[in-house]
Amino acid sequence: SFKSLTEEEKATYLEKARKWNGKNRSQKTEKEVRAENGTPFSSCENGFVLFLAAVVTDIFYFLDIYSHGKLPSQCELRFLPCEIGCVRYSLQDGITADFHHFIEPEAPPRGFRYHCQAAGAETHKIPISGFHLPRTCYAVVLQELLEFAQPARGVQPRFFCRSNDRFQINWCLGRMATVAGIESSLQLFAVEDLIVELYLKKYLKEPSKTWVSRKLDVCLWDFSSNTRCKWHEENDIICCALASCKKIAYCISRSLANVYGVPLTAAHLPLGVSHCDQSTSTRIVKLDAG
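Throughout what follows, the structure given in this document is the object of discussion. Per chain, residues are indexed from 1 in the order of the written sequence. Totals for whole chains, interfaces and linings use every residue, but because this is a predicted model, local features are given only for residues with pLDDT of at least 70 and side-chain atom pairs only at 80 or more, for both listing and counting. The basis for every side-chain value is the complete set of heavy atoms in the structure, and neither hydrogens nor water enter the calculation.

A closer look at the sheet that holds strand β4 (residues 79-90)
In a beta sheet, neighbouring strands are held together by backbone hydrogen bonds and run either parallel or antiparallel to one another. Pairing between strands is defined by DSSP: at least two bridges between the two strands are required. Segments assigned H or I by DSSP are reported as helices when at least four residues long, segments assigned E as strands when at least two residues long, and all are numbered from the N terminus. Spatially, β5-β4-β3-β6-β7 is the arrangement adopted by the five strands of the open sheet, whose pairing is mixed. This sheet does not close on itself; its edge strands, each paired only once, are β5 (94-102) and β7 (188-190). Between one strand axis and the next, the sheet turns through 30 degrees on average, direction left out of account. Residue contacts are defined here by distance: any two heavy atoms, one from each residue, within 4.5 Å place the two residues in contact. Only C-alpha atoms enter the line fits that serve as axes; for helices the fit covers just the stretch in contact. Angles between N-to-C directions range over 0 to 180 degrees. Along the sheet, helix α5 (residues 166-180) contacts β3 (60-70), β4, β6 (159-161) and β7; its crossing angle with β3, the most-contacted strand, is approximately 85 degrees. Against the sheet, helix α9 (residues 241-256) touches β3, β4 and β5, its axis set at about 30 degrees to β4.

Remarks on the packing of helix α4 (residues 138-148) against α5
Following both chains from N to C, one finds α4 and α5 inclined at 115 degrees, their axes separated by 8 Å at the closest point. As the angle between them shows, α4 and α5 are arranged roughly perpendicular. Once α4 is placed against α5, the crossing between them reads as left-handed. Residues Y138, A139, V141, L142 and L145 of α4 lie in contact with α5, whose contacting residues are L173, R175, M176, A177, V179 and A180. Throughout, the ten residues Ala, Val, Leu, Ile, Met, Phe, Trp, Tyr, Cys and Pro are labelled nonpolar, Asp, Glu, Lys and Arg are labelled charged, and all others, Gly among them, are labelled polar. Across the contact of α4 with α5, the residue classes tally to 10 nonpolar, no polar and one charged. Each angle gets one of four labels, with under 35 degrees taken as roughly parallel, over 145 as roughly antiparallel, 65 to 115 as roughly perpendicular, and the rest as oblique. The sense of a crossing depends on the near helix, which, turned anticlockwise from the far helix by less than a right angle, makes the crossing left-handed and, turned clockwise, makes it right-handed.

Looking at the nonpolar core
The definition of a nonpolar core used throughout is a set of buried Ala, Val, Leu, Ile, Met, Phe, Trp, Tyr and Cys residues joined through side-chain atoms within 4.5 Å. Relative accessibility under 20% of the residue-type maximum defines a buried residue, over 50% an exposed one, and the middle range a partly exposed one, all with a 1.4 Å probe and only protein chains included. Core analysis: the biggest nonpolar cluster contains 43 residues, and F62, Y89, V191, L194, L198 and I252 have the highest contact counts within it. Going through the elements one at a time, β3, β4, β5, α6 (191-203), α7 (209-216) and α9 are the ones with two or more residues in this core. For this core, the element with the most residues is α9, which contributes 10 residues. If we skip the residues at most four places from it in the chain, I252 touches F62, Y89, L91, V191, L194, I195, L198 and A257. Counting 31 residues, the second largest nonpolar core, distinct from the first, contains I65, F99, F148 and F159.

The structure is reproduced here in structure tokens:
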């Protein structure tokens, strides 16, 4: 036993224990060490930097662009952007501003007009031609989007979208910038990575991407007031670029506001649904509606 050892042997074993503990501590991640010491840290593993010390007041922009279908890779036009939505959001204040435009689309490639019309009819239902509401050209859309997300001095605005939509939105932004002759340096990140980082800050444990996707897929707010744009609301159409952005904000508010000690307001969630169960599935909603 330790008591039966000589003083010299005890000193030797204690020194070995100190070295082992020091080695074990050095193997901890920077996040674990800083968390133990109460030191804020930032992450850039997913391409963006999240300063977790000020996470409650950090401003994020959630962006979505709808298209008249998806065209084959051999076409110069992969997408025909027709609607854009964006919201300014923070955990502290919820949604503080929103941005929305119907976009004047380019003519579809020869032979693909029906394909584009059919794709739109299955989703957002915005017609390619004969739309009675005004549509905005590429140059004005980008200019007003940049003004909407006017960054503070030295701070680049961070735009987030669903990871599955990232390629389409990036392509549409690039196409609009090229046609309009505008140099755009918008940075677009996956909102799933943002949610993982927000959970990691509090729990020091990453949730699975499957769990995050399920949270974002809920249809709880599909028919909530003040979620869709006016035209989609009046025509009772679920697929709306602005609604897509607002529902991301609702999901983050519902899951994380209480975790960070932020009281929920009408800017965080639509009135009347802040205490509803998020587990409702799209299939159940459709059956009940039928």
